[in-house]
Each structure stands twice: as C-alpha cells, then as structure tokens.
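Here's the letter readout for the chains.
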Amino acid sequence: MASTDDALRPTRGRGVVEGAFALLEALRRHALGAGVTELALECQVPKSTAHRLLDQLIAVGAVERHGDRYRVGSQLYRIGHAWQPHPGLRLAARLPLHRLRATTGASAVLTVLRDDLALTVSSVPGEVEPLVPVRDGMSFPLDTAAGRALRGPVRAQAALDREDVVPGVCCAALPVRSPEGRTVAALAAMVPVGRRLEVVTQAVAEAGAAITRGLALGVGTSVELPPVLLH
C-alpha cells in the first residue's frame, strides 16, 4: 500500500508545491467550484494525489469544501490582497475608479503588465457588464486598449478601441504614471458603442492623474484597511 509520502511525490516531473498551485489555478477558473475528479483531470494528477493536496489546502484555509465541490478559500483571498503591483496602487485607485464609473457609466479597469498580459488589479463594473464582465484577476491581451496603453511609449496618445474586441463595446485607455513618471499601470474605461470617446478619454485622464496624486501623497502605503472595509 502506498504511503502518504509516496502519493505526494512528484508526478510526471511535477512537485508537490507545483501540483498544489495547479489545483488553485484550476479552482480560480471554476468560480462555482469543482469536484476532485474534474480537478485531477484538468491538472493531470492522480485523483488520490489531488484529494490529498486539497485536504492539505483546506487545513490551511486556502481551499474550502462545500459538499463534494471545492472552491478557493478565504485565507488565499487575504494573502492575495497583500500583493502590491506598486506600493499603494490599489488603494490610490479606489476612489478615482468609482468616480470614473459614476461620471461615464463605464466599466473602469486598472491593469498592470504581468506575463505578457494586462492583469486586472482593481475594477468597477459598469453599463457594459452583460457584454464584458470585469473582475479583479482577469487578464486582457496586449493588443487590447489596456495592453497597448501599458506597453506604449511614454508620450503615447490614448489607446482607443472602437468595437475592435467586442461588438457593441468601445474602450479608452491611458497609462498611469508614478510620481517619477514611470508607467505603473493602465486605466481603461469600457462603454457602450455610441458614446463620445473624447469625453470618456478626458475622464480617464483625470482619473489617472488622481491616482498619480494619490501615489505621491502615499495613499495606502502607510495604513492598510482591513479587507472587510475595502469591499
């Protein structure tokens, strides 16, 4: 009979930590949860190994079990919110994002460059939510407006998308600068077709400038609010 250590040894060259993270990544894609058989197949690990890894992840709060389905746990959520793509960026962007949504009706998205993708680190859903649901953690290709704003030259004009990615949705995106002038993020506003993108672009520019001012003032770098107060 195989021991616990045998079951947790690398499978097909995969180590225990890598296998655990593969399961967590799979659970991230299954917001409503997934069963152990489904997860084992998706992550290419034996079902017994997946079950043991999930049990260990449950023990530390990284995974939760509801019936026969597993979901990402609250402890992983708390750990994830400790990550800062740039010191104070998410908290400095919180109010400007909500103001951008209030003044334009747009879905407001703040992204950073990670692994050749525009990774969403803060977002506020707007009027295009049925067509383009926005969530923290989702990624956009670099050929989208947000991606072009992230990788463009310092003096680039706004990156515009006129139904290039999703029919019925337009987007305006601009880089967000640190107080030193370095691009640390991109701010994008997605609106229904027919809106004047010049007006949306101006609102995005004002929100981006407000984030830069917040970074200069050190908003969010000295005092972190508890997660319960951030949502």
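Residues numbered from 1 in each chain as written. Predicted model: local features only at pLDDT ≥ 70, side-chain atom pairs only at ≥ 80, totals over all residues. Heavy atoms only, no water.

Enquirer: Help me get a handle on the confidence of the model for the protein, residues and values and all.
Expert: Confidence in the prediction for the protein averages 85 pLDDT; 86% of positions are at 70 or higher. By mean pLDDT, the top-scoring element of the protein is strand β8 (residues 183-192) (96), and the lowest-scoring one is helix α1 (residues 4-7) (43). Counted against residues more than four places away or in other chains, residues 1-13, with its pLDDT under 50, gives 12 contacts. Per-residue pLDDT stays below 50 along residues 220-231; that stretch engages in 14 contacts with residues further than four places along the chain or on separate chains. (pLDDT = per-residue confidence, 0-100. Helix = DSSP H or I, 4+ residues; strand = E, 2+ residues; numbered from the N terminus. Contact = heavy atoms within 4.5 Å.)

Enquirer: Can you tell me about the side chain of D161, naming the residues and giving the values?
Expert: Of note, D161 is situated in strand β6 (residues 159-162). Here D161 occupies a buried position and makes no salt bridge, while the nearest side chain of opposite charge, R148, is found at 5.7 Å. Within the structure, the side chain of D161 is placed 2.6 Å from the backbone nitrogen of D164, a separation counted as a polar contact. Contact partners of D161, with chain neighbours within four places excluded, come to A145, R148, V169, C170, C171 and L197. (Buried < 20%, exposed > 50% of the residue type's maximum accessible area, 1.4 Å probe, protein only. Lys, Arg positive; Asp, Glu negative; His and termini not counted. Salt bridge = Lys/Arg side-chain N within 4 Å of Asp/Glu carboxyl O. Polar contact = N/O pair within 3.5 Å; in protein donor to acceptor, adjacent residues only side chain to side chain.)

Enquirer: Which residues make up the nonpolar core, and what values go with them?
Expert: Counting 28 residues, the largest nonpolar core has L89, L100, L110, L187 and I211 as the members making the most contacts within it. If we skip the residues at most four places from it in the chain, L110 touches L89, A93, L97, L119, T120, V121, S122, V176, A185, A186, L187 and I211. (Core = buried A, V, L, I, M, F, W, Y, C linked by side-chain atoms within 4.5 Å.)

Enquirer: How would you sum up helix α2 (residues 16-29)? Please name residues and give values.
Expert: For α2, built from 14 residues, the straight-helix expectation of 20 Å at 1.5 Å per residue is met to within 8% by its first-to-last C-alpha distance of 20 Å. Buried residues of α2: G19, A20, A22, L23, L24, A26 and L27, and no others. The elements touched by buried residues of α2 are α3 (36-43), α4 (47-59), β1 (63-66), β2 (69-72) and α5 (74-80). (Expected span 1.5 Å × (residues − 1).)

Enquirer: So what about unusual backbone geometry? Which residues, and what values?
Expert: The residue D116 is not glycine, and still its phi comes out positive at about 60 degrees. Mapped onto the elements, D116 comes out in the loop between β3 (107-114) and β4 (117-124). Using a relative accessible area of 63% as the deciding quantity, one classes D116 as exposed. The backbone of E163 sits at a positive phi, close to 60 degrees, despite the residue not being glycine.

Enquirer: Just give me the short version of the pairing of β8, but keep the residues and values in it.
Expert: Judged by how many residues are buried, β8 sits mostly within the fold: eight of 10 residues are covered. Summarising the sheet, β3 and β8 pair through five bridges and their orientation is antiparallel. Within the sheet, the bridge partner assigned to L110 lies in β8 and is L187. Here strand β7 (residues 169-177) runs beside β8; their pairing, made up of nine bridges, is antiparallel. Counterpart to L174 in the pairing with β8 is L187. Hairpin geometry of β7 and β8 is characterised by an intervening segment of five residues between the two adjacent antiparallel strands and by a positive phi of about 95 degrees at G181. (Pairing = 2+ DSSP bridges.)

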